[in-house]
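Letter by letter, the chains look like this.
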Amino acid sequence: MTRIIAGELGGRRIAVPPKGTRPTTDRVREAVFSRLDHAGALRDAHVIDVFAGSGALAFEALSRGAADAVLVESAGQAAKVAQGNARDLGVGGRATVVREKARPYLERAERTWDLAFLDPPYDIARDDLAQVLAALAARLSPGATVVLEWSSRVGDAPWPDAIEAVTSKAYGETTVHYGEAVAPGSVGA
């Protein structure tokens, strides 16, 4: 079990899949959300949680004032757990769980998001992650914040031109990379 750290759902527990995911630690989530709260990136934000697992990042965002969240997860068991968590937390009207691979979903999506979380498997190929990030970039509102949690062993994030690297912070085996969507027309300017 994992708990929601703060906000309207603070202290509530959520289930995690029995295997196949690597839940974000409380320490890392606390640091990420402290930064996002300070930046004003959560209030009324439209959120996407890619490689969602249990949905802990999306549910923490909803707890802290995000308007809605789409949770994209291709593993059947993890998607079921995320759906159950949405129901149990009473946020089913604000959270949509999509059981699909990230890139195809992002390539066909017709909406935009203000805040994106990506917590891919650490063994994802760099080129595969780069393609997911490129597909995501086309679906971000100008100035949107992107939070990528990835292995500290792989180096810098493979940001596309449409997402500008802001900063990164290592937490042991995990590095959290922050990016910002660049307004259309200003790429390469």
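For the structure, check the block above.
What you see is a predicted model, and the numbers here were worked out from it, not measured in a lab.

Caption draft 1: Quick peek at the nonpolar core. Core analysis: the biggest nonpolar cluster contains 34 residues, and Val 32, Leu 36, Phe 59, Leu 71 and Phe 117 have the highest contact counts within it. Setting aside residues up to four positions removed in sequence, Val 32 forms contacts with Phe 117, Val 147, Val 176 and Tyr 178. Listed in part, the 29 residues of the second largest apolar core include Val 132, Leu 140, Val 146 and Leu 148.

Caption draft 2: The arrangement of the environment of Glu 100 in detail. For Glu 100, the position within the fold is in the loop between strand E5 (95-98) and helix H4 (102-108). Note: C-alpha distance between Glu 100 and Arg 29 (71 residues apart in sequence) is 24 Å.

Caption draft 3: Main features of the environment of Leu 148. Within the element layout of this structure, Leu 148 appears in strand E7 (residues 140-151). Sequence separation between Leu 148 and Thr 175 is 27 residues, and the spatial gap between their C-alpha atoms is 8.1 Å. In contact with Leu 148, not counting residues within four places along its chain, are Leu 118, Pro 120, Leu 129, Leu 133, Ala 157, Trp 159, Thr 175, Val 176 and His 177.

Caption draft 4: Structural detail: the packing of aromatic side chains. This model, assessed by the stated rule, comprises two aromatic pairs. Geometrically, the ring pair formed by Phe 33 and Phe 117 is tilted, given 5.5 Å between the ring centres and 40° between the ring planes. Of this pair, Phe 33 sits in helix H1 (residues 26-39) while Phe 117 sits in strand E6 (residues 113-118); the two residues are 84 residues apart in sequence, bridging distant segments of the chain. Side by side, Phe 33 and Phe 117 carry an identical accessibility label, which is buried. Ring centres 6.3 Å apart and planes at 45° place the aromatic pair Tyr 105 and Trp 113 in the tilted group. Here Tyr 105 falls in the buried class, since its relative accessible area comes to 9%.

Caption draft 5: Layout of the sheet that holds E5. Ordered in space as E5-E4-E3-E6-E7-E9-E8, the seven strands form an open sheet in which the pairing is mixed. Looking at which strands have only one partner, the edges of the open sheet turn out to be E5 and strand E8 (163-171). Direction aside, the axes of adjacent strands within the sheet are offset by 15° on average. Of the strand pairs in this sheet, strand E3 (residues 46-50) and E6 are connected by four bridges, and their pairing is parallel. Considered in E6, the bridge of Val 47 is made with Leu 115. In the packing of helix H5 (residues 126-137) onto the sheet, the strands contacted are E3, E6, E7 and E8, and the crossing angle to E7 comes to about 160°.

Caption draft 6: Molecular detail of helix H3 (residues 76-89). Given a rise of 1.5 Å per residue, 14 residues ought to cover 20 Å, and the 20 Å separating the end C-alpha atoms of H3 matches this to within 8%. If you check which residues of H3 are buried, you get Gly 76, Ala 78, Ala 79, Val 81, Ala 82, Gly 84, Asn 85, Ala 86 and Leu 89. In this structure, the buried residues of H3 make contact with strand E2 (13-14), helix H2 (56-63), strand E4 (68-72) and E5. Phi turns positive one or two residues past the end of H3, at Gly 90, with a value near 75°.

Caption draft 7: Representation of the pattern of salt bridges in the model. If you walk through the whole model with that rule in mind, you get eleven salt bridges. Glu 8 is paired through a salt bridge with Arg 94; the nearest N and O atoms lie 3.8 Å apart. Note that Glu 8 is positioned in the loop between strand E1 (2-3) and E2 and Arg 94 in the loop between H3 and E5, a separation of 86 residues in sequence. A relative accessible area of 58% places Glu 8 in the exposed class. In this structure, Arg 108 engages Glu 100 in a salt bridge whose closest nitrogen and oxygen atoms are separated by 2.6 Å.

What counts and how
- Residues numbered from 1 in each chain as written.
- Predicted model: local features only at pLDDT ≥ 70, side-chain atom pairs only at ≥ 80, totals over all residues.
- Heavy atoms only, no water.
- Core = buried A, V, L, I, M, F, W, Y, C linked by side-chain atoms within 4.5 Å.
- Buried < 20%, exposed > 50% of the residue type's maximum accessible area, 1.4 Å probe, protein only.
- Contact = heavy atoms within 4.5 Å.
- Helix = DSSP H or I, 4+ residues; strand = E, 2+ residues; numbered from the N terminus.
- Phe/Tyr/Trp six-rings, centres within 6.5 Å; stacked < 30°, edge-to-face > 60°.
- Pairing = 2+ DSSP bridges.
- Axes fitted to C-alpha atoms, helices over the stretch in contact; angles between N-to-C directions.
- Expected span 1.5 Å × (residues − 1).
- Salt bridge = Lys/Arg side-chain N within 4 Å of Asp/Glu carboxyl O.

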